[in-house]
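Residues per chain, in single letters:
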Amino acid sequence: MKFVYAIEGLSLWVGRAFGWCIMILTLSVVYEVFVRYVLNAPTVWAFDMMVQMYGALFLMCGAYALAQDTHVRADVIYRLIPVRGQAALDFVLYFLFFFPGILALVW
């Protein structure tokens with residue numbers, strides 16, 4: 001059980017650390033918009049950095065969202081299911097969607 005708590009603690013720490021990257025991402029978007037539309041001198045590297053940083057944020061903050069139970073889901077029916085049923089549904093959906101998605105990203 002200590003291993004699970006250690007992994008969850010790591011997920012929380014990484015999620016909070018990457019949460020600060022949103023500020024860097026916001027500033028880079030502001031910079032790119034200013035340079036592109038005001039100075040009429042767009043840069044390729046700023047756009048590439050924004051895309052890469054958004055992808056990293058999406059992946060690294062996903063574990064944080066799951067650990068905090070703040071992940072977005074359509075809970076119209078989900079909230080009516082008992083807790084054991086919710087856990088079973090989460091388990092099945094992780095194997096159907098989450099793990100194949102991670103496998104596709106790693107591939």
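Reading the values: the criteria
Residues numbered from 1 in each chain as written. Predicted model: local features only at pLDDT ≥ 70, side-chain atom pairs only at ≥ 80, totals over all residues. Heavy atoms only, no water. Helix = DSSP H or I, 4+ residues; strand = E, 2+ residues; numbered from the N terminus. Expected span 1.5 Å × (residues − 1). Bend = angle between axes of the 7 residues up to and from the residue. Contact = heavy atoms within 4.5 Å. Core = buried A, V, L, I, M, F, W, Y, C linked by side-chain atoms within 4.5 Å. Buried < 20%, exposed > 50% of the residue type's maximum accessible area, 1.4 Å probe, protein only. Phe/Tyr/Trp six-rings, centres within 6.5 Å; stacked < 30°, edge-to-face > 60°. Axes fitted to C-alpha atoms, helices over the stretch in contact; angles between N-to-C directions. Parallel < 35°, antiparallel > 145°, perpendicular 65-115°, else oblique. Left-handed = near helix turned anticlockwise from the far one by under 90°. Arc of directions from axis to C-beta.

(A) Region of interest: helix α3 (residues 44–67). Spanning 24 residues, α3 covers 36 Å between terminal C-alpha atoms, matching the ideal 34 Å at 1.5 Å per step. Along α3, the helix axis deviates most sharply at Cys61, where the bend reaches about 30°. Those residues of α3 hidden inside the fold are in contact with α1 (2–19) and α2 (21–38).

(B) The arrangement of the nonpolar core in detail. Leu25, Met50, Met53, Leu57 and Cys61 together form the largest nonpolar core, which totals five residues. The element that contributes the greatest number of residues to this core is α3, accounting for four residues. Non-local contacts of Leu25, meaning those with residues more than four positions away in its chain, are made with Met50, Met53, Tyr54 and Leu57.

(C) View of the packing of aromatic side chains. Applying the stated criterion to the full structure yields four aromatic pairs. Ring plane angle 35° and centroid distance 6.4 Å describe the contact between Tyr54 and Phe58, whose orientation is recorded as tilted. Highlighted residues: Tyr54 and Phe58, both in helix α3, separated by four residues, approximately one helical turn. Accessibility assignment for this pair places Tyr54 and Phe58 in one class, exposed.

(D) Structural detail: the packing of α2 against α3. α3 packs onto α2 with a crossing angle of 155° between their chain directions and a minimal axis gap of 10 Å. Compared by their axis directions, α2 and α3 come out roughly antiparallel. The two elements α2 and α3 cross, and the hand of that crossing is left-handed. Only Trp45, Ala46, Phe47, Met49, Met50, Met53, Tyr54 and Leu57 of α3 make contact with α2, whose side of the interface consists of Cys21, Ile22, Ile24, Leu25, Ser28, Val29, Tyr31 and Glu32.

(E) Structural detail: α2. For α2, spanning 18 residues, the distance from its first C-alpha to its last is 25 Å, which sits close to the expected 26 Å at 1.5 Å a residue. Within α2, the full set of buried residues consists of Leu25, Ser28, Glu32 and Val35. Buried residues of α2, viewed axially, fall in a sector of 100°; they line one side. Those residues of α2 that are exposed and angled more than 90 degrees off the buried face are Leu27, Val30, Tyr37 and Val38. In the core, the buried residues of α2 are packed alongside α3. One or two positions beyond α2, positive phi appears at Asn40, with a value near 55°.

(F) A look at the side chain of Thr43. Tracing the backbone shows Thr43 in the loop between α2 and α3. Looking at Thr43, the relative accessible area reads 16%, which means it is buried. Filtering out sequence-adjacent residues up to four positions away, Thr43 remains in contact with Tyr31, Glu32 and Val35.

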